[in-house]
There are 2 protein chains.
Amino acid sequence: MRDFLPADKARRERVLAVIRDRYRAHGFDEIETPVMEEYSRLHAGIGGDNEKLAYNVLKRGLDPEALRAAADDQSQLTDLGLRYDLTVPLARFYATNRGQLPAVFRAIQIAPVWRAERPQKGRYRQFVQCDIDIIGDASARAEAELAVATLDTLEALGLEGGSIRINDRRALDWMLDSFGFTADERPGVLITIDKLDKIGPHGVVAELRERGATAPAVDALEAFLTRPMTLEYNPYGERQIRKLLPPDAPDEIVSHLVGIGEAVAASRAGGDGDGDGIDIPLVFDPFLVRGMGYYTGTIFELAHPSVDYSLGGGGRYDGMIGRFLGQDVPAVGFSIGFERLVDLIEAADGDGPSAVVLVHDRDVPTGELLALKAALIAQGSRVRLEQRTKNLKALLERAASDGYTAFATVSAGTVPAGLEVKPLA
Amino acid sequence: MRDFLPADKARRERVLAVIRDRYRAHGFDEIETPVMEEYSRLHAGIGGDNEKLAYNVLKRGLDPEALRAAADDQSQLTDLGLRYDLTVPLARFYATNRGQLPAVFRAIQIAPVWRAERPQKGRYRQFVQCDIDIIGDASARAEAELAVATLDTLEALGLEGGSIRINDRRALDWMLDSFGFTADERPGVLITIDKLDKIGPHGVVAELRERGATAPAVDALEAFLTRPMTLEYNPYGERQIRKLLPPDAPDEIVSHLVGIGEAVAASRAGGDGDGDGIDIPLVFDPFLVRGMGYYTGTIFELAHPSVDYSLGGGGRYDGMIGRFLGQDVPAVGFSIGFERLVDLIEAADGDGPSAVVLVHDRDVPTGELLALKAALIAQGSRVRLEQRTKNLKALLERAASDGYTAFATVSAGTVPAGLEVKPLA
């Protein structure tokens, strides 16, 4: 958990304002849920491994008797916990407030979550997630709206050239089935396949053999992974998808993936919606897995050429809302990893209003100083007072690093003579 | 703890953006601290009654043995807690990061805090505070900068006519001493005096007699409270302050209060800093108390004619930073009660960009719809897609209540014919 000093905090708020603005433009509405949720909701089996990382809040008013009784069942000590993601709270929010929401609800959530991770570089115990979700639309349009809003947001932040890797959990499942993996062993096989980027096809095959997966299925996977392929250019669309899957992939899955591409193409090019003909920043990856167990269909991952890790991801989780509502409602979401993103954004404050440091001698009357400050604020500036120190250069350098762009020196008598505002180097 | 639906959340974010913008213009810098602080810091005696209301987080990895051992000392169960205010975290932040901060540090904190209050109307267990603090300036200028920034912010939110009640804890202490109350009984006397607005002078005197306070001191207080006063107009300044205090109030205290007024006057009028001559929205109230024990000098309370409760307050707490740093540093802060404020702000979204609902028939191709949406977004609009329902009126009313300002209907074939965007009633 970290403190954020002024320069960092200002950059974070600037990036959040852009994200909020773009998501809102795309018709998403921001909501907010309490930081604490009921313990039983946070531990309903939906959160996967994150459930184990939850911070739990001590019940109030426990007497020594109750404490001794809880020694062998710690869940008695707690009734609330800090959320570890924004998806479980969204499902609970939707179940609570459904009557007041539109038929298709497009939600923005921008908020911190907490996980008791072991301390390591780039992992924080409190971090911000930026989620958009569409609840109530089972069509490919929902995935397309999420993808377009996400790419537009990335571009508004100055990160051109982002792309979205896409797959469908049903395609993965069908493919593993067609190779001959049993339903029981598929979750374990997926964990190994998820390492394909890191250990390559031979590494995956070796690990599966070592783990004793069904041998003919591993052979079939190996043959597929190492099949000869012509390296021809092939934009996102049905031809590309069918070429990257084993033969005879189910039409329903392929057409959903194709539909997403067509809708993205229509949005991006303002064109005719023929996804096969033009370039769109979607990349079909039949071996994209994504960790969470609750995905039921499309899965995404956001990539940018400047980094070799994912900037976010998401997917369709049509089963989850039903866990809270008792009635299935389709849902799909995309989460930007804010902490990773914010590090890529330039610290530049250049487009803000002018920000002036008034460096004053000790003997300038307070009234004069505050009158100068008020006049500059009224002109639209941001103004900080600083009493002059011996090392003026150091003082101005600090002000520049805090985002100030100009300074003026004030001595007794400056006011009648007029203020000279100079740019900070 | 509450969920915030889209209309409420949008209003909250709009108000927060104004507050952040105004505070930044006045030279304050936003910081952020983690939601959880160490248990020992939250329970160091600084937080007053709020310490008892803290939510504590269960330690991880406790075994049954440790739990049984903790039965009679619950502090062993917890090492972190949720902050109950922003002042204790600020003092900790300043002690941690002092080397990277300017000599006079003007902090903004806009963040939620948690208190396990009994549920009652208008009290929440999670609520947002907006604090500004100036650390490192013992002069009246610090109080003036806080007051001016607060009043400017209130006005930027459309709440003209706010005012700040002001007093000094040292003046209270001197006054009670001069009446003859002993040092030991003064804290209890202050609790009673704090009710002056509610129970009046006679109520205060009666309660003090009942509690057995030093009788001649109560007599002196009664004589002072009921003394004859000429009701002449008297703007904030030395004359007003001396008139409202018993005779011979210490010059040091009076001149600090006068200095605040002069600096506020210079800021507000751009004038000559003579606080005695012009109207400023400061009101000296010699019986203003404020609850927290850590105040050492000036205390404030923010009032607005539209409500009979305070919208915020603050004061000088020169002793607190030293508790964390081991070296005294002057500090003064002002906190806006965001939850009370936000209820006073109009829900109007009028100054936002145009927001268009595209009401479409079921059979409009997704590509056409998303192309229309993209074109409107590119023109600067906010756009929501809504599939047409039988009750179009209800659909449009909901959209209007969500902040949408215009709509267009889309049927198959609309695209070639062109879109007609109409205002929402």
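Residues numbered from 1 in each chain as written. Chains lettered and ligands numbered in written order. Predicted model: local features only at pLDDT ≥ 70, side-chain atom pairs only at ≥ 80, totals over all residues. Heavy atoms only, no water.

J.: Could you give me a rundown of the packing of helix H7 (residues 186-193) of chain A against helix H8 (residues 196-210) of chain A, with the residues and numbers involved?
T.: All names here are of chain A. For the pair H7 and H8, interaxial distance at closest approach is 8 Å and the crossing angle is 140°. By the criterion of interaxial angle, the relationship of H7 to H8 is oblique. Taking contact as the criterion, the partners of Val 189, Thr 192 and Ile 193 in H7 are, on H8, Leu 196, Val 204, Glu 207 and Leu 208. Split by residue class, the contact of H7 with H8 holds five nonpolar, one polar and one charged. (Axes fitted to C-alpha atoms, helices over the stretch in contact; angles between N-to-C directions. Helix = DSSP H or I, 4+ residues; strand = E, 2+ residues; numbered from the N terminus. Parallel < 35°, antiparallel > 145°, perpendicular 65-115°, else oblique. Contact = heavy atoms within 4.5 Å. Nonpolar A, V, L, I, M, F, W, Y, C, P; charged D, E, K, R; others polar.)

J.: Which residues make up the nonpolar core, and what values do they have?
T.: Formed by 113 residues in total, the largest nonpolar core has its most connected members in Leu358(A), Ile19(B), Phe181(B) and Leu221(B). The greatest single-element share of this core, amounting to nine residues, is contributed by helix H5 (residues 140-156) of chain B. Every residue in contact with Phe181(B), bar those within four places of it in the chain, is listed here: Leu176(B), Arg186(B), Val189(B), Leu208(B), Ala213(B), Thr214(B), Ala217(B), Val218(B) and Leu221(B). Residues Phe93(A), Ile134(A), Leu288(A) and Phe300(A) belong to the second largest nonpolar core, which totals 112 residues. (Core = buried A, V, L, I, M, F, W, Y, C linked by side-chain atoms within 4.5 Å. Buried < 20%, exposed > 50% of the residue type's maximum accessible area, 1.4 Å probe, protein only.)

J.: Break down the pairing of strand E9 (residues 298-303) of chain B for me, with residues and values.
T.: All names here are of chain B. Burial runs high along E9: five of the six residues are buried. Where strand E7 (residues 163-168) lies against E9, six bridges are found, and the strand directions are antiparallel. If you follow Asp 168 over to E9, its bridge partner there is Thr 298. As paired elements, E9 and strand E10 (residues 312-316) share four bridges and run antiparallel to each other. Considered in E10, the bridge of Glu 301 is made with Gly 313. (Pairing = 2+ DSSP bridges.)

J.: Account for the confidence of the model for chain A, naming residues and giving values.
T.: All names here are of chain A. Mean pLDDT over chain A works out to 89, with 95% of the residues at or above the 70 mark. Here residues 270-277 is modelled with pLDDT under 50, and outside its nearest four sequence neighbours on either side it reaches 16 contacts, counting other chains as well. ipTM for the predicted complex: 0.87, alongside a pTM of 0.89. (pLDDT = per-residue confidence, 0-100.)

J.: Describe in detail the pattern of salt bridges, supporting the description with residues and values.
T.: Applying the stated criterion to the full structure yields 82 salt bridges over all chains. With a shortest N-O distance of 2.5 Å, Arg384(A) and Asp29(B) are connected by a salt bridge. Of this pair, Arg384(A) sits in strand E13 (residues 382-387) while Asp29(B) sits in strand E1 (residues 29-30), each in a different chain. Residues Arg384(A) and Asp29(B) agree in their burial class; the two are buried. Shared partners join several salt bridges into a network, and the residues in it are Asp3(A), Glu37(B), Glu38(B), Arg41(B) and Arg92(B). (Salt bridge = Lys/Arg side-chain N within 4 Å of Asp/Glu carboxyl O.)

J.: Lay out the relation of the copies chain A and chain B with the relevant residues and their values.
T.: The two copies are related by a screw operation: chain A maps onto chain B through 180° of rotation and 0.0 Å of translation along the axis, at an RMSD of 0.0 Å. The superposition of one copy onto the other is thereby described by a two-fold rotation axis. Identified as the residue of chain A closest to the rotation axis by C-alpha distance is Val57(A), at 2.1 Å. Most of the interface of chain A is mirrored in chain B: 100% of its interface residues are interface residues there too. (Least-squares fit on C-alpha atoms with pLDDT ≥ 70 in both.)

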